[in-house]
Amino acid sequence: MFRKRSPHDGDELLARLGSLTAQARRHAELQRSRVELAVALQRGMLPGEMPAVPGFHLAVRYAPAYSGLNVGGDWYDAFTLPDGRIGLSVGDVQGHTIDAAAFMGQVRVALRAMASITSDPGDLLARTNDLLLTLGGDLFATCTFMRLDPATGLVESARAGHVPCVWATADGRSGVSGDEGGPPLGVQEGMEFPVTRYRLTTGGVFILLTDGVVEGPALTVDEGLGQVVRLAGIAAVAGMEAGSLAAAVIRNAERVGHEDDAAVLVVAHDDREGRLGP
């Protein structure tokens, strides 16, 4: 025997489905609003323009993650230090939440604040690390900080758990920077960050980047860096514009097999406006 359904049963089911649909829509709109807020927060904390450096050309590209709730904390920065040299940094905060985006702003501001006390890259990272630990919280960040002397082309670099930089020269040589590096910022106090020195010659280029450019399911970090090394070598020999090189490197992020933040900062020693080589 089958129970005869009341005509109100169907109305009740439709009402419940309508209620669930409305709840799902409100939830989706809330999540989208959170992502949009985090992305706006990210963009608002990044510098609007790069400093003008005679004899050099700086170019950046940044691709925030928009997929689902993957809103990360990658950043780039470049600013003039009190002694006239140039501070350069890229970094990546652990996690993909609005908290990561906010922490990114704290790290970037801390680096600038400490640069008014010391511009030595190793000392600066050590002081920033200790400052972040006093703020509490459970997030950490990887970072590369470089100090560029435009008068001599001397580049001093220190790394805090971050992927290495890529370099290339106008005569066709290219590779991955060999700095020793230290642990990420915000993990343990009293850490030291060794400084490695390079010379950026005319036509040469340094590429600072985050791991979203070179690492993912489709590529190991070594494979991704290898692609950027080859691209940088070709670009330096061909005299590619710094902006075009930065755009070409950020496209590498599309090949790594995941959707993550990606940031690229190109530092080129120009022998004439906007070019890397002869």
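Placed above this text is the structure.
Residues numbered from 1 in each chain as written. Predicted model: local features only at pLDDT ≥ 70, side-chain atom pairs only at ≥ 80, totals over all residues. Heavy atoms only, no water.

## Structural notes on the nonpolar core
Quick note on the threshold: Grouping buried Ala, Val, Leu, Ile, Met, Phe, Trp, Tyr and Cys residues that are joined through side-chain atoms within 4.5 Å yields what is termed a nonpolar core. Burial here depends on accessible area, computed with a 1.4 Å probe over protein chains only, as a share of the maximum for the residue type. Under 20% is buried, over 50% is exposed, and the range in between is partly exposed. In this text, helices come from DSSP runs of H or I with a minimum length of four residues, and strands from runs of E with a minimum of two, each type numbered from the N-terminal end.
The biggest cluster of nonpolar side chains holds 25 residues, and the ones touching the most others in it are Ile 207, Leu 209, Val 213, Val 249, Val 264 and Val 266. Elements with a minimum of two residues in this core: strand S6 (166-168), strand S9 (205-209), helix H4 (221-238), helix H5 (242-250) and strand S10 (262-269). In terms of residue count, the dominant contributor to this core is H4 (6 residues). The next biggest cluster of nonpolar side chains, apart from the first, holds 23 residues, and it includes Phe 79, Met 114, Phe 145 and Phe 193.

## Structural notes on the packing of helix H2 (residues 98-115) against helix H3 (residues 121-134)
How we decide: Fitting a line to C-alpha atoms yields each axis, with helices limited to the stretch in contact; the angle taken between N-to-C directions then spans 0 to 180 degrees. Working definition: roughly parallel below 35 degrees, roughly antiparallel above 145 degrees, roughly perpendicular at 65 to 115 degrees, and oblique for all remaining angles. In this scheme, a crossing is called left-handed if the near helix is turned counterclockwise away from the far one by less than a right angle; it is called right-handed if the turn is clockwise. We call two residues contacting when some pair of their heavy atoms lies within 4.5 Å. Throughout, the ten residues Ala, Val, Leu, Ile, Met, Phe, Trp, Tyr, Cys and Pro are labelled nonpolar, Asp, Glu, Lys and Arg are labelled charged, and all others, Gly among them, are labelled polar.
As a packed pair, H2 and H3 sit with axes 9 Å apart at the nearest point and diverge in direction by 130 degrees. Between H2 and H3, the interaxial angle falls into the category oblique. The way H2 lies across H3 gives a crossing that is right-handed. The residues of H3 that touch H2, namely those facing Phe 103, Val 107, Ala 110, Leu 111, Met 114 and Ala 115, are Leu 124, Leu 125, Arg 127, Thr 128, Leu 131 and Leu 132. When the residues that make up the contact of H2 with H3 are grouped by side-chain class, the tally is 10 nonpolar, 1 polar and 1 charged.

## Some thoughts on H3
To be explicit about the condition: Here a helix's expected span is defined as the number of its residues, less one, multiplied by 1.5 Å.
If you check H3, its first and last C-alpha atoms are 20 Å apart, about what 14 residues at 1.5 Å a residue would give, namely 20 Å. Where H3 is buried, its residues contact H2, strand S4 (141-149) and strand S5 (154-160). Gly 136, located one to two residues past H3, shows a positive phi value of around 75 degrees.

## Details of the sheet that holds S6
The condition that has to hold: Being paired, for any two strands, means DSSP has found at least two bridges between them.
Strands sit in the order S1-S10-S9-S6-S7 across an open sheet of 5 strands; the sheet is antiparallel. Each having just a single partner strand, strand S1 (56-63) and strand S7 (174-176) make up the two edges of the open sheet. For this sheet, the mean inter-axis angle between neighbouring strands, taken without regard to orientation, is 15 degrees. For S6 and S7, the ladder comprises 3 bridges, and the chain directions are antiparallel. Bridged to Ala 168 within S7 is Ser 174. Set on the sheet, H5 makes contact with S1, S9 and S10; between it and S1 the angle comes to about 30 degrees.

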